[in-house]
Amino acid sequence: MGKTNESSRLISDRELRLTAVVYARLGIVPYLRMHGRLPDRIGGPWNIIPMRLVIEERGTDPELTDDERLVYEAILREGRLPGGSVVLLDEEEKRRKEEKKQLRRKKQ
């Protein structure tokens, strides 16, 4: 799993790939190619619409296009998510269960 500088929450690879797809759909690829880095800010609350469309069209485990892979690699390289990230409820549930297990172990 990946981790961003902006959050202590672990983000799964699946969530990072979906985030890259959403960022590419929001049109950051030309900026990334020109500047060699992600923009300082991406999108806003309306990112939910492209996220829902991506999941409806391609599911929660999409194969990345070349442009999306470029964005994905920039996210990993820079370790930041300037437009937030996709959060999948099943991944979040797994993290919560793991956190509960770890807390129980610490108490013992």
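So, a few notes on the structure that sits alongside this text. For clarity, every value in this text was computed on a predicted model and none was experimentally measured. (Residues numbered from 1 in each chain as written. Predicted model: local features only at pLDDT ≥ 70, side-chain atom pairs only at ≥ 80, totals over all residues. Heavy atoms only, no water.)

Points about the nonpolar core
Among the nonpolar cores identified, the biggest contains 23 residues, and Leu16, Tyr23, Ile28, Val71, Ile75, Leu81 and Val86 are the most heavily contacted of them. Looking at this core, the elements that each hand over two or more residues are α1 (13–25), α2 (29–35), α3 (48–58) and α4 (66–78). For this core, the leading source of residues is α1, giving 7 residues. Aside from chain neighbours lying at most four places away, what touches isoleucine 75 is Leu16, Thr19, Ala20, Tyr23, Leu38, Arg80 and Leu81. (Core = buried A, V, L, I, M, F, W, Y, C linked by side-chain atoms within 4.5 Å. Buried < 20%, exposed > 50% of the residue type's maximum accessible area, 1.4 Å probe, protein only. Helix = DSSP H or I, 4+ residues; strand = E, 2+ residues; numbered from the N terminus. Contact = heavy atoms within 4.5 Å.)

Focus on the environment of tyrosine 72
Relative to the helices and strands, tyrosine 72 resides in helix α4. As a C-alpha pair, tyrosine 72 and aspartate 61 span 11 residues in sequence and 14 Å in three-dimensional space. With residues up to four places along the chain from it excluded, the contact list for tyrosine 72 reads Asp13, Leu16, Arg17, Ala20 and Leu64.

Points about the environment of glutamate 73
For glutamate 73, the position within the fold is in helix α4. A relative accessible area of 39% means that glutamate 73 is categorised as partly exposed. The spatial distance from the C-alpha of glutamate 73 to the C-alpha of leucine 16 is 9.9 Å, given a sequence separation of 57 residues.

Regarding α4
With 13 residues, α4 ought to run about 18 Å at 1.5 Å a step, and its terminal C-alpha atoms sit 18 Å apart, in line with that. Those residues of α4 not exposed but buried are Glu68, Val71, Tyr72, Ala74 and Ile75. Looking straight down α4, one finds that the buried residues subtend no more than 160° of arc, so they occupy a single side. When the buried face of α4 is taken as reference, the exposed residues oriented beyond 90 degrees from it are Asp66 and Arg77. (Expected span 1.5 Å × (residues − 1). Arc of directions from axis to C-beta.)

Quick word on the side chain of threonine 19
Within the secondary structure layout, threonine 19 lies in helix α1. Judged by relative accessible area, which is 2%, threonine 19 ranks as buried. Here the side chain of threonine 19 touches valine 86 through a polar contact of 2.9 Å, landing on its backbone nitrogen. Apart from the residues within four sequence positions on either side, threonine 19 is in contact with Ile75, Leu81, Gly84, Ser85 and Val86. (Polar contact = N/O pair within 3.5 Å; in protein donor to acceptor, adjacent residues only side chain to side chain.)

Topic: the side chain of arginine 80
Here arginine 80 shows up in the loop between α4 and α5 (89–107). Overall, the relative accessible area of 16% leaves arginine 80 in the buried class. Of the polar contacts made by the side chain of arginine 80, one reaches the backbone oxygen of leucine 38; its length is 2.7 Å. There is a polar contact of 3.2 Å between the side chain of arginine 80 and the backbone oxygen of proline 39.

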